[in-house]
Amino acid sequence: GESVGLHLPTLSVQEGDNSIINCAYSNSASDYFIWYKQESGKGPQFIIDIRSNMDKRQGQRVTVLLNKTVKHLSLQIAATQPGDSAVYFCAENGGSNYKLTFGKGTLLTVNP
Amino acid sequence: ETGVTQSPTHLIKTRGQQVTLRCSSQSGHNTVSWYQQALGQGPQFIFQYYREEENGRGNFPPRFSGLQFPNYSSELNVNALELDDSALYLCASSPGGSGSTDTQYFGPGTRLTVL
């Protein structure tokens, strides 16, 4: 069946450090992956996405890496700031063109 | 800001009642998806509408139904509420079309509590 999981449920980093959040997926049909940030009491906020024809994509302070061989996705946040503290979800489409399947999320805490 | 709005923000209902949640998508976005997020969990896909027709459905019973209107608004209706329906309900809009998944932009959600 399809599933998206996260290796670490919580991650605590110091302000200014780089953060890496990992995600494993099991559906080999997935060809679209997306990272969301969710702050308390808010809806998920789009961070960055990547399609399966790429293995790396960069945004502002964020990089997503995709390893299709081992079905692994990671989000790298450079120079982590207190405002980055939130729950981060990876999601994949399982090859569909309509639904996203989310993992449970990783809580990132940035210590000043 | 995603340009996706939802109402109401919070809602309290009792078991057995019916509820309607509303969403206003970004202008120009023809696709709306609804998700249920239980506390401490990731969002779970309920269904998606494209140009007023259901485009796909997750593992939710028929008492979860939806409507999409031409003015980029949509509704999620839940009948015969159960205690386990207590959750954050999220709508997400995307430019739409078929063929490949578009980025979905989420609203702030409606927190539903069933007593």
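Quick caveat: nothing in here was measured; it's all calculated off a predicted structure.

(A) Just the overall build of chain B, in detail. Helix and strand content of chain B: zero helices and 11 strands. Listing the helices and strands of chain B from first to last along the sequence gives β-β-β-β-β-β-β-β-β-β-β. Rg of the C-alpha trace for chain B: 13 Å, near the compact-globule value of 13 Å for 115 residues, within the 12% margin. For chain B, the C-alpha atoms occupy an extent of roughly 40 × 30 × 25 Å along the three principal directions. Taking all 115 residues of chain B together, the buried fraction comes to 48%. Pairs at least 24 apart in sequence give 55% of the contacts found in chain B among residues at least 6 apart. Summed over all atoms, the accessible surface of chain B reaches about 5,400 Å², with 47% contributed by carbon and sulfur.

(B) Looking closely at the side chain of A:Ser19. All names here are of chain A. By the element assignment, serine 19 lies in strand 3 (residues 19-25). Overall, serine 19 belongs to the buried group, its relative accessible area being 1%. Polar contacts involving the side chain of serine 19 include one to the side chain of threonine 80, which spans 2.7 Å. Setting aside residues no more than four positions away along its own chain, serine 19 makes contact with Leu11, Val13, Leu75, Gln76, Ile77, Thr80 and Leu108.

(C) Summary view of the state of the cysteines. Residue and element names in this part refer to chain B. Counting across every chain of the model gives two disulfides over all chains. The disulfide partner of cysteine 23 is cysteine 91, and the gap between their sulfur atoms is 2.0 Å. As the torsion about the S-S bond is roughly 75 degrees, the cysteine 23-cysteine 91 disulfide counts as right-handed. Of this pair, cysteine 23 sits in strand 3 (residues 19-24) while cysteine 91 sits in strand 9 (residues 87-94), placing them 68 residues apart in sequence. Relative accessible area serves as the criterion here: at 3%, cysteine 23 is assigned to the buried category.

(D) Spatial organisation of the pairing of strand 8 (residues 73-78) of chain B. Residues and elements named next belong to chain B. Burial analysis of strand 8 places six of its six residues in the buried class, the great majority of the element. Burial along strand 8 is two-sided: the residues Ser73, Glu75 and Asn77 and Ser74, Leu76 and Val78 are all buried. Sheet analysis places strand 3 next to strand 8, joined by six bridges and oriented antiparallel. Directly across from arginine 22, in strand 8, lies its bridge partner glutamate 75. Across five bridges, strand 7 (residues 64-68) lies against strand 8 in antiparallel orientation. Among the inter-strand pairings, glycine 66 is bridged to a residue of strand 8, identified as leucine 76. Connecting strand 7 to the antiparallel partner strand 8 that follows it, the hairpin turn spans four residues, and tyrosine 72 within it adopts a positive phi of roughly 70 degrees.

What counts, and at which threshold
Along each chain, numbering runs from 1 in the same order as the chain's sequence is written. Working convention: letters from A go to chains and numbers from 1 go to ligands, in the order in which they are written. For this predicted model, a pLDDT threshold of at least 70 governs which residues receive local features, and a threshold of 80 or more governs which side-chain atom pairs are given and counted, while totals over whole chains, interfaces and linings are taken from all residues. Values reported for side chains reflect all heavy atoms of the structure, with hydrogen atoms and water molecules removed beforehand. Secondary structure elements are taken from DSSP: a helix is a run of H or I of four residues or more, a strand is a run of E of two residues or more, and numbering for both begins at the N terminus. For a compact globule the rule gives 2.2 Å times the number of residues to the power 0.38, and the radius of gyration it is set against comes from C-alpha atoms. Only protein chains enter the accessibility calculation, which uses a 1.4 Å probe. A residue is then buried if its area is under 20% of the maximum for its type, exposed if over 50%, and partly exposed in between. Here, residues are in contact when the closest pair of their heavy atoms is within 4.5 Å. Each accessible area is a Shrake-Rupley estimate made with a 1.4 Å probe; only the visible protein chains count as cover when residues are assessed. Think of a polar contact as two N or O atoms within 3.5 Å of one another; within protein, one of them needs to be a possible hydrogen donor and the other a possible acceptor, and neighboring residues in sequence only count if both atoms come from side chains. Working definition: a disulfide is two cysteine sulfur atoms within 2.5 Å of each other. Two strands are counted as paired when DSSP detects at least two bridges linking them.

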